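One letter stands for each residue in the lines below.
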Amino acid sequence: MEQINHLVRILEITQENAQQRIDNYLRLHLKGVPKSMIYRIVRKGEVRVNKKRIKPDYKLQTGDFVRIPPVRVAKENALPSPKLNQIARLESRIVYEDDALIILNKPSGLAVHGGSGLDFGVIEGLRALRPESRFLELVHRLDKATSGCLLIAKKRSMLRALHEQLRNKTMNKQYHALVKGTWEKKWRSVTAPLLKKAQDSIVKVSELGKASETRFKILQRYQGATLVEASPVTGRTHQIRVHSASKGHNIACDDRYGNEQFSKEMHALGLNRLFLHAAHITFFHPVLEKKMTVSAPLCNELTSLLEKLQKS
């Protein structure tokens, strides 16, 4: 389904949107419009700022007036009902919240956003739970199968500040992963370059890939398995999963990069999900003006498995 917005819109830029690139600003106001079309209407001069043509990388200033032309846009899907069990449970998964930020302990099995056949994800669920919130945007992403710390900005200024920390690599994330075999102490850092295949989103180690680094620390050894802490220095797709597998230490119950026999053994002990959890995240809170570390506890399924391995 699609609809056409027949009206020209003139929007005034407030301090909240100052310094945002015009192309990113348009993507928020033209949801469903392909990026290629957004760049086309900017190049053709259909988008104007203060009645002047601009380039896609123009940074908006407080007081600017933006002309947005009528374009064909995808009709937005209605938000899911906040009464759905999966949505309602999100409220209890919030581990930290203030006026500018939400940190969620994302459950495994729930995507961060809808699309590709999914009716909704975390962000649509939170918007349904908080209809009064004018702004809720993901700061970063987690794979659908991965659980743990997920940051959601409640203000654009917070989103910009946290994105800057991600770019500058001053935000630190520590994941807990249960991997096959005995992790060798010498593997403190894995720097294999990673290449993503566009057709199936499978990532592989390749000299043609992008530079990537994950640092590892042994947390606990078990019979036939090791619990490790993985800290990604870069943020490539499936980075921890592929770097672990590249050393022969596949993550338990990984349906893409896992070891079938190891996953069967863990499944027999009650594990029915990927054992990868974003346990801690450290960042500078620009509003509170202090460094924060927030943690998300392991779910019962993961802690139960570790207890069984400890006894074996």
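Above: the structure in question.
About the cut-offs
- Residues numbered from 1 in each chain as written.
- Predicted model: local features only at pLDDT ≥ 70, side-chain atom pairs only at ≥ 80, totals over all residues.
- Heavy atoms only, no water.
- Helix = DSSP H or I, 4+ residues; strand = E, 2+ residues; numbered from the N terminus.
- Rg over C-alpha atoms; globule rule 2.2 N^0.38 Å.
- Buried < 20%, exposed > 50% of the residue type's maximum accessible area, 1.4 Å probe, protein only.
- Contact = heavy atoms within 4.5 Å.
- Areas by Shrake-Rupley, 256 points an atom, 1.4 Å probe, with all protein chains shown as cover.
- Lys, Arg positive; Asp, Glu negative; His and termini not counted.
- Charge placed at Lys NZ, Arg CZ, Asp CG, Glu CD.
- Pairing = 2+ DSSP bridges.
- Salt bridge = Lys/Arg side-chain N within 4 Å of Asp/Glu carboxyl O.
- Arc of directions from axis to C-beta.
- Patch = residues over 30% accessible without salt bridge, like charges linked within 9 Å, V, L, I, M, F, W, Y side chains within 5 Å.
- Expected span 1.5 Å × (residues − 1).
- Axes fitted to C-alpha atoms, helices over the stretch in contact; angles between N-to-C directions.
- Parallel < 35°, antiparallel > 145°, perpendicular 65-115°, else oblique.
- Left-handed = near helix turned anticlockwise from the far one by under 90°.

Time to look at the overall build of the protein. Of the regular secondary structure elements, the protein holds 8 helices and 18 strands. A compact globule built from 312 residues would reach a C-alpha radius of gyration of about 20 Å, and the protein, at 22 Å, matches this within 12%. Taking the principal axes of its C-alpha atoms as reference, the protein extends roughly 70 × 45 × 45 Å. Here the protein holds 312 residues, and 45% of them are scored as buried. Considering only residue pairs separated by 6 or more positions, the protein has 63% of its internal contacts joining residues 24 or more positions apart. Carbon and sulfur atoms make up 48% of the accessible area of the protein, which amounts to about 17000 Å² in all. Of the side chains in the protein, 54 bear a positive and 30 a negative charge, and the two mean positions are spaced by 4 Å.

Bringing unusual backbone geometry into the picture now. The phi torsion at Gln19 lies on the positive side, around 75 degrees, for a residue other than glycine. Position of Gln19 among the secondary structure elements: in the loop between strand S2 (9–12) and helix H1 (22–29). Residue class for Gln19 comes out partly exposed when judged on its relative accessible area of 41%.

So, on to the pairing of strand S16 (residues 225–232). Among the 8 residues that make up S16, 7 are buried, leaving the element largely enclosed by the rest of the structure. Judged from the 6 bridges that link them, strand S11 (residues 172–180) and S16 form a sheet pairing that is antiparallel. Its bridge partner being in S16, Lys180 is matched across the sheet by Ala225. Bridge count for strand S15 (residues 214–222) against S16 is 8 bridges, and the pairing is antiparallel. Residue pairing for S16: Arg221 is matched across the bridge by Thr226.

Right, let's get into the environment of Asn105. Mapped onto the secondary structure, Asn105 falls in strand S8 (residues 101–106). The class of Asn105 is buried, set by a relative accessible area of 7%. Expressed as a C-alpha distance, the spacing of Asn105 and Ile94, which sit 11 residues apart in the sequence, is 6.1 Å.

Moving on, we come to the pattern of salt bridges. In total, this model carries 12 salt bridges according to the counting rule given. With its nearest N and O atoms 3.1 Å apart, the salt bridge here joins Glu137 to Arg127. Here Glu137 is found in strand S9 (residues 137–138), whereas its partner Arg127 is found in helix H4 (residues 122–129), with 10 residues between them in sequence. Linking Arg241 and Asp143 is a salt bridge whose minimum nitrogen-to-oxygen distance equals 3.1 Å. A residue pair is termed long-range when its members are at least 10 positions apart, and Arg241 in helix H6 (residues 239–246) and Asp143 in the loop between S9 and strand S10 (147–153) qualify at 98 residues. On the accessibility criterion, Asp143 (25% relative accessible area) is partly exposed. Shared partners join several salt bridges into a network, and the residues in it are Glu91, Glu97, Arg130 and Lys154.

Taken together, the buried positions of H1 are occupied by Ile22, Asp23, Tyr25 and Leu26. Take H1 and look down its axis: the buried residues cluster within an arc of 160 degrees, on one side only. For H1, the secondary structure elements touched by its buried residues are S2, helix H2 (35–43), strand S3 (48–49) and strand S5 (65–68).

On to a nonpolar patch on the surface. Taken together, the side chains of Val8, Ile10 and Phe65 make up a nonpolar region of the molecular surface, amounting to roughly 270 Å² of accessible area. Inspection of the secondary structure puts Val8 in the loop between strand S1 (2–4) and S2. A residue is classified by how much of its surface remains accessible, and Val8, at 41% relative accessible area, is partly exposed.

What follows concerns helix H5 (residues 156–167). Residues spaced three or four apart along an α-helix point in a common direction, a consequence of the helix completing one turn every 3.6 residues. Look at H5: 16 Å from first C-alpha to last across 12 residues, which is about the 16 Å you get at 1.5 Å a residue. Turning to H5, its buried residues are Arg156, Met158, Leu159, Ala161, Leu162 and Gln165. Here the buried face of H5 lies against H1, S8, S9, S10 and strand S17 (276–285). Positive phi appears at Lys169, one or two residues downstream of H5, with a value of about 60 degrees.

This part is about the packing of H1 against H2. At a minimum axis separation of 10 Å, H1 and H2 run at an interaxial angle of 120 degrees. Comparing the axis directions of H1 and H2 gives the class oblique. Judged by the sense of rotation from one axis to the other, the crossing of H1 with H2 is right-handed. Contacts between H1 and H2 involve Asp23, Leu26 and Arg27 from the former and Lys35, Ile38, Tyr39 and Val42 from the latter.

Worth remembering: the numbers are spatial, not functional.
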